[in-house]
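If you want the building blocks of each chain, they are given just below.
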Amino acid sequence: MALEMGASKNLSLWPALNLQRNLALNPPPKPFNVKPSSASPPLHKSLLICRCSLVNEQLQQEAFFTEHEEQLIDALIGIQGRGRAASPQQLNDVERAVQVLEGEEAVPDPTSSDLIEGRWQLMFTTRPGTASPIQRTFVGVDFFSVFQEVYLRTNDPRVSNIVKFSDWIGELKVEAAASIKDGKRILFQFDRAAFSFKFLPFKVPYPVPFTLLGDEAKGWLDTTYLSHSGNLRISRGNKGTTFVLQKKIDRRQKLLAAISTRTGVREAIDEFISLSKSVAKDEPALLEGEWQMIWSSQIETDSWLENAGNGLMGSQIVKNGQMKFVVNILPGIRFSMIGKFVKSGTKKYDVTMDDAALVGGPFGYPLEMETKINLELLYNDDKIRISRGYNNILFVHLRTDGSK
């Protein structure tokens, strides 16, 4: 979280919640079968106009970011656990983008600006495993949403850290009394916290005796960058932790959030592709790199070997006109399948995979397998790929090699 404290000893015995994470995806209802009358214009033309208007409205509502802010957001795409699982290259990319923004002219004296007020979503933090108990327990879990509320212009100025478990489970809110020291620094002291569960009519106290912690419950937070749009903030805490927070997120972040929380994924993909088509200039191309599958619409379950051979699990490596499926089975043992692809039409590729093996160290056991896939690219950039592949299944892949 964006506020830190040294109360870890008091929470070391607090068990992490064992939450159910299986969600049922509800498909959208089918449209009514309405036939237009001969006196009215064709219905499909009216629907097309409405859809275009909706797309334009959604584009207008998208958050505005400057070029250097976009570079930071681009560096954040693909980092899991809000920084906990980031590679050294990813951390370097984020820190470099942060330093560029911190060196620019942003909102002066951010603590005096109304733009700092409101609810901020935590997108990234350094040292997530060594800071506050909330960070160690919840921040590195993408399934949860993490927010910070800043309200300094009230009779009771406060900064609150919120972990939202889900819409139907509830949240944890940790509050701190706040005061402004100068144009950048907020002083705070934690004083109350509670769980709010949807299935209980009362709040459950957070088991930390803030009044007994003394200076351990105190800290400060510097805002080193606040965008003129009020959508992006960079802060640094008293324990040396860097935080990146946003009030609004871009369409890629929204898609990844839906996948992480397993809520409304199909709807998020449809909206993402619709918006992307309206701004796309070129046909998407199958880019080289290592791509990890993070979601698929597969509902039937075959054997793991069939799933691996059909590209329904693991990662894909695209290089020099070849595609390679890789699935880690056990430590030191993996499934590997290599094939070739050729462009067969607009956004379409014919993929033939025919060189499969179980690999353990320097040894390989060949497998007699062949898979032919008609691959259709729905979206592709340096970070995210959306496609239809085997058996018309929808896939979302995330680039993991960090190259461009």
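Our structure is the block above this text.
Residues numbered from 1 in each chain as written. Predicted model: local features only at pLDDT ≥ 70, side-chain atom pairs only at ≥ 80, totals over all residues. Heavy atoms only, no water.

Some points on the packing of helix α3 (residues 67–76) against helix α4 (residues 88–102)
Helix-helix packing: each pair is described by the crossing angle between the helix axes and the interaxial distance.
At step 1: Where α3 meets α4, the axes come as close as 9 Å, and the angle between the chain directions of the two elements is 160°. The angle between α3 and α4 falls in the class roughly antiparallel. The handedness of the crossing between α3 and α4 comes out as left-handed. Contacts between α3 and α4 pair His-68, Glu-69, Gln-71, Leu-72, Ala-75 and Leu-76 from the former with Asp-93, Val-94, Ala-97, Val-98, Val-100 and Leu-101 from the latter. (Axes fitted to C-alpha atoms, helices over the stretch in contact; angles between N-to-C directions. Helix = DSSP H or I, 4+ residues; strand = E, 2+ residues; numbered from the N terminus. Parallel < 35°, antiparallel > 145°, perpendicular 65-115°, else oblique. Left-handed = near helix turned anticlockwise from the far one by under 90°. Contact = heavy atoms within 4.5 Å.)

What to know about the nonpolar core
At step 1: By size, the foremost hydrophobic cluster in this structure holds 19 residues, and its most contacted members are Phe-165, Leu-172, Val-174, Phe-190, Tyr-206 and Phe-210.
At step 2: At the level of secondary structure, the elements contributing two or more residues to this core comprise β3 (158–166), β4 (170–180), β5 (185–197) and α6 (210–213). (Core = buried A, V, L, I, M, F, W, Y, C linked by side-chain atoms within 4.5 Å. Buried < 20%, exposed > 50% of the residue type's maximum accessible area, 1.4 Å probe, protein only.)

A look at empty space enclosed by the protein
At step 1: Per the counting criterion, the structure on display carries 2 cavities of 30 Å³ or more.
At step 2: As a volume, the largest cavity reaches approximately 100 Å³.
At step 3: Lining of the largest cavity is provided by 14 residues; of these, Gln-316, Phe-325, Ile-373, Leu-375 and Gly-389 occupy positions nearest its centre.
At step 4: Elements with a contribution of two residues or more to the lining of the largest cavity: β12 (322–330), β16 (371–380), β17 (384–388) and β18 (394–399).
At step 5: The residue makeup of the lining of the largest cavity, split by class, is 7 nonpolar, 6 polar and 1 charged. (1 Å grid on protein atoms, 1.4 Å probe; cavity = no way out; pocket = protein on both sides within 12 Å on 5 of 7 lines; lining within 4 Å. Points joined across faces, edges and corners; volume = space filled by probe spheres on them. Nonpolar A, V, L, I, M, F, W, Y, C, P; charged D, E, K, R; others polar.)

Let's talk about the side chain of Glu-175
At step 1: By the element assignment, Glu-175 lies in strand β4.
At step 2: When near neighbours in sequence (up to four residues on either side) are disregarded, Glu-175 contacts Arg-158, Val-159, Ser-160, Gln-189, Phe-190, Asp-191 and Arg-192.

Topic: α3
At step 1: Turning to α3, its buried residues number three or more, namely Glu-69, Leu-72, Ile-73, Asp-74, Ala-75 and Leu-76.
At step 2: Tucked inside the fold, the buried residues of α3 contact α4, β1 (118–125), β7 (218–226), β8 (232–237), β9 (242–246) and α7 (251–261).

Quick word on the pattern of salt bridges
Any two side chains of opposite charge can pair if their charged atoms end up close together.
At step 1: Under the criterion given, the structure shown has 21 salt bridges.
At step 2: Put simply, Asp-114 and Arg-153 hold a salt bridge, and the shortest N to O gap is 3.4 Å. One end of the pair, Asp-114, is in the loop between α4 and β1; the other, Arg-153, is in the loop between β2 (145–151) and β3, with 39 residues separating them in the sequence.
At step 3: Residue classification places Arg-153 among the partly exposed residues on the basis of a relative accessible area of 36%.
At step 4: With a closest N to O distance of 3.1 Å, Arg-119 and Glu-149 form a salt bridge. With Arg-119 in strand β1 and Glu-149 in strand β2, this pair connects stretches of sequence that are 30 residues apart.
At step 5: Among the residues examined, Glu-149 registers a relative accessible area of 13% and is labelled buried.
At step 6: When salt bridges with common partners are traced through the structure, they connect Asp-156, Arg-158, Glu-175, Asp-191 and Arg-192 into a single cluster. (Salt bridge = Lys/Arg side-chain N within 4 Å of Asp/Glu carboxyl O.)

Here we look at unusual backbone geometry
At step 1: Although it is not a glycine, Arg-82 adopts a positive phi angle of roughly 55°.
At step 2: Here Arg-262, not a glycine, exhibits a phi torsion of approximately 60°, which is positive.
At step 3: With respect to the helices and strands, Arg-262 occurs in the loop between α7 and α8 (265–279).
At step 4: Accessibility expressed as a relative area gives 37% for Arg-262, which makes it partly exposed.

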